[in-house]
Amino acid sequence: MSELDNILNVAIKLAEASSSCAKEAWLGDIAVTYKADGSSLTEADLSIEATWRDRIRQQFPAHGILGEEYGSDTGTSAFTWVLDPIDGTRQFGTGLLNFASLISVCRDGNPIVGIIDLPLIDARYIAAEGRGTMFDGRPVRSSRQREIQTARISLANPESFTGDAAHGYERLRASGRLKVFDGGAPAYGALSRGLIDVCLNGTDLDAYDICALCPVVTEAGGAISDWAGDSLTLASSGAIVACASFELHATVLEMLGQA
């Protein structure tokens, strides 16, 4: 078994182990607290990430770990695990459906493994470098849509588009055939299986929100970057965009970059 295969297998087991915990917590009495920055926090966020960290340290003691809830542990290898136990805690804590658990592994800062786990339906998007994207056990591909006029567009929470980013948001909102809003990480999974053509997020993202999305999108034939068109890495934060084809991505980047 190759090193990448071993890492991917462990990542899948982490997702499988946490899925029932997240689902049970969502079905129960959810207690929500708030961090200093105003973002939501639940016990599921803390317990899932703590379990993940323990298992990663047991399997790969030299690997680094970056998680939303417990910060960064620097490793001594090229690999860093990037973890968001409940991406969309705002939705999770209000009993809504569009949340996910995100697991990624970066090599030298570049995302090479990505999992978008959907606990409520016990299904997940799984992608690894050179191995394509799988959903619910089958390979999936993006739509390869090229035209913005007929694109299906997912736009994040409007409050996340601040300053100049608000202008790009309005241009995308006025485009396309169909719009959906605040879809979160599941929208990027839907792009990988050909159901959405453009995903746009504003300036409020961090690496643990971003890294797992990258292999899921690119291994399915899509494109993902920041709004300047630069590749996303462990050091990335802020606004991102993903598209079903490179041609559509170029069109959207041009629209976002207009003064």
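What you see is a predicted model, and the numbers here were worked out from it, not measured in a lab.

Asks: Would you mind showing me how to read the overall build of the chain here?
Replies: Summing up its helical and strand segments, the chain has 8 helices and 15 strands in all. A compact globule built from 259 residues should have a C-alpha radius of gyration of about 18 Å, and the chain, at 17 Å, falls within 12% of that. The principal-axis extents of the C-alpha atoms in the chain amount to approximately 50 × 40 × 30 Å. Going through the 259 residues of the chain one by one, you find that 54% of them count as buried. Sequence-distant contacts in the chain: of pairs separated by 6 or more residues, those separated by 24 or more amount to 62%. Counting every atom, the chain has about 11,300 Å² of accessible surface; 50% of that belongs to carbon and sulfur. Across the chain, the mean location of the 20 positive side-chain charges is 8 Å away from that of the 34 negative side-chain charges.

Asks: Help me understand the pattern of salt bridges, please; the structure alone is not making it clear to me.
Replies: Close approach of charged atoms allows side chains with opposite charge to pair. Evaluation of the coordinates by the stated rule reveals 12 salt bridges. Its salt-bridge partner being Asp 73, residue Arg 57 comes within 2.8 Å of it at the nearest N-O pair. Remark: Asp 73 occurs in strand 4 (residues 71–73) and Arg 57 occurs in helix 2 (residues 43–59); sequence separation between them is 16 residues. Take Arg 57: its relative accessible area is 39%, and that puts it in the partly exposed class. Ionic pairing is found between Asp 117 and Arg 124, a salt bridge with its closest N-O pair at 2.6 Å. You can call Arg 124 buried: its relative accessible area is 11%. One network of salt bridges, in which partners are shared, links Glu 49, Arg 53, Asp 54, Arg 57 and Asp 73.

Asks: Would you mind going over the packing of helix 4 (residues 165–173) against helix 8 (residues 246–256) with me for this structure?
Replies: Angle between the axes and distance between the axes are the two parameters that describe a pair of packed helices. Relative to each other, helix 4 and helix 8 sit at 130°, their axes nearing to 8 Å. Comparing the axis directions of helix 4 and helix 8 gives the class oblique. Contacts between helix 4 and helix 8 involve Gly 168, Arg 171 and Leu 172 from the first element and Val 252, Met 255 and Leu 256 from the second. Among the residues forming the contact of helix 4 with helix 8, the class breakdown is 4 nonpolar, 1 polar and 1 charged.

Asks: What is the right way to read the side chain of Ser 101 from this model?
Replies: Relative to the helices and strands, Ser 101 is located in strand 6 (residues 100–107). Ser 101 sits in the buried class, given a relative accessible area of 2%. At 2.6 Å, the side chain of Ser 101 forms a polar contact with the backbone oxygen of Pro 85. Beyond its immediate chain neighbours, meaning those up to four positions away, Ser 101 contacts Trp 52, Asp 84, Pro 85, Ile 86, Ile 115, Ile 116, Asp 117 and Pro 119.

Asks: What's the story with the nonpolar core in this structure? I'm lost.
Replies: In globular proteins that are soluble, nonpolar side chains generally tend to be buried together. Judged by nonpolar contacts, the single largest core of 29 residues is most densely connected at Trp 81, Ile 103 and Val 113. Going through the elements one at a time, helix 1 (3–27), helix 2, strand 5 (79–87), strand 6, strand 7 (110–118) and strand 8 (123–128) are the ones with two or more residues in this core. Among the elements that take part in this core, helix 1 stands out by supplying 10 residues, more than any other. Apart from residues lying up to four places away in sequence, Val 113 is in contact with Leu 4, Ile 7, Leu 8, Ala 11, Ile 103, Ser 104, Val 105, Ala 127, Ala 128 and Pro 215.

Asks: How should I be thinking about the environment of Ala 223 in this particular structure?
Replies: Summarising the element assignment, Ala 223 is placed in strand 14 (residues 223–226). In this structure, the C-alpha to C-alpha distance between Ala 223 and Ala 250, residues 27 residues apart in sequence, is 9.4 Å. If we ignore the near neighbours within four places in the chain, the residues touching Ala 223 are Val 217, Val 241, Ala 242, Cys 243, Ser 245, Phe 246 and His 249.

Quick notes on the rules
The residue count restarts for each chain, going from 1 along the sequence in the order it is written. The model is predicted, so local features are restricted to residues of pLDDT at least 70 and side-chain atom pairs to those at 80 or more, both for listing and for counting; the totals for chains, interfaces and linings are taken over all residues. Based on all heavy atoms of the structure, the side-chain values leave hydrogens and waters out of the count. A run of DSSP states H or I qualifies as a helix once it reaches four residues; a run of E qualifies as a strand once it reaches two. Both are numbered from the N-terminal end. To get the radius of gyration, use the C-alpha atoms; to get the globule rule, take the number of residues to the power 0.38 and multiply by 2.2 Å. Relative accessibility under 20% of the residue-type maximum defines a buried residue, over 50% an exposed one, and the middle range a partly exposed one, all with a 1.4 Å probe and only protein chains included. The contact criterion used is simple: two residues touch if any of their non-hydrogen atoms lie within 4.5 Å. Using the Shrake-Rupley algorithm and a 1.4 Å probe, accessible areas are obtained, with residue cover drawn only from the displayed protein chains. Counting rule applied: Lys, Arg positive; Asp, Glu negative; His and chain ends not counted. Charged groups are reduced to one reference atom each: NZ for lysine, CZ for arginine, CG for aspartic acid, CD for glutamic acid. A carboxyl oxygen of Asp or Glu within 4 Å of a side-chain nitrogen of Lys or Arg is what we treat as a salt bridge. As a rule, the C-alpha atoms of each element are fitted with a line to give its axis, helices using only the stretch in contact, and angles between N-to-C directions run from 0 to 180 degrees. Every angle not falling under 35 degrees, over 145, or within 65 to 115 is termed oblique; those three ranges are roughly parallel, roughly antiparallel and roughly perpendicular. For this scheme, ten residues count as nonpolar: Ala, Val, Leu, Ile, Met, Phe, Trp, Tyr, Cys and Pro. Four count as charged, namely Asp, Glu, Lys and Arg, and the remainder, Gly too, count as polar. Pairs of N or O atoms within 3.5 Å make up the polar contacts considered here, provided that, within protein, one atom can donate a hydrogen while the other can accept it, and that residues adjacent in sequence are counted only when both atoms are side-chain atoms. Throughout, nonpolar core names a set of buried Ala, Val, Leu, Ile, Met, Phe, Trp, Tyr and Cys residues whose side chains join them through atoms within 4.5 Å.

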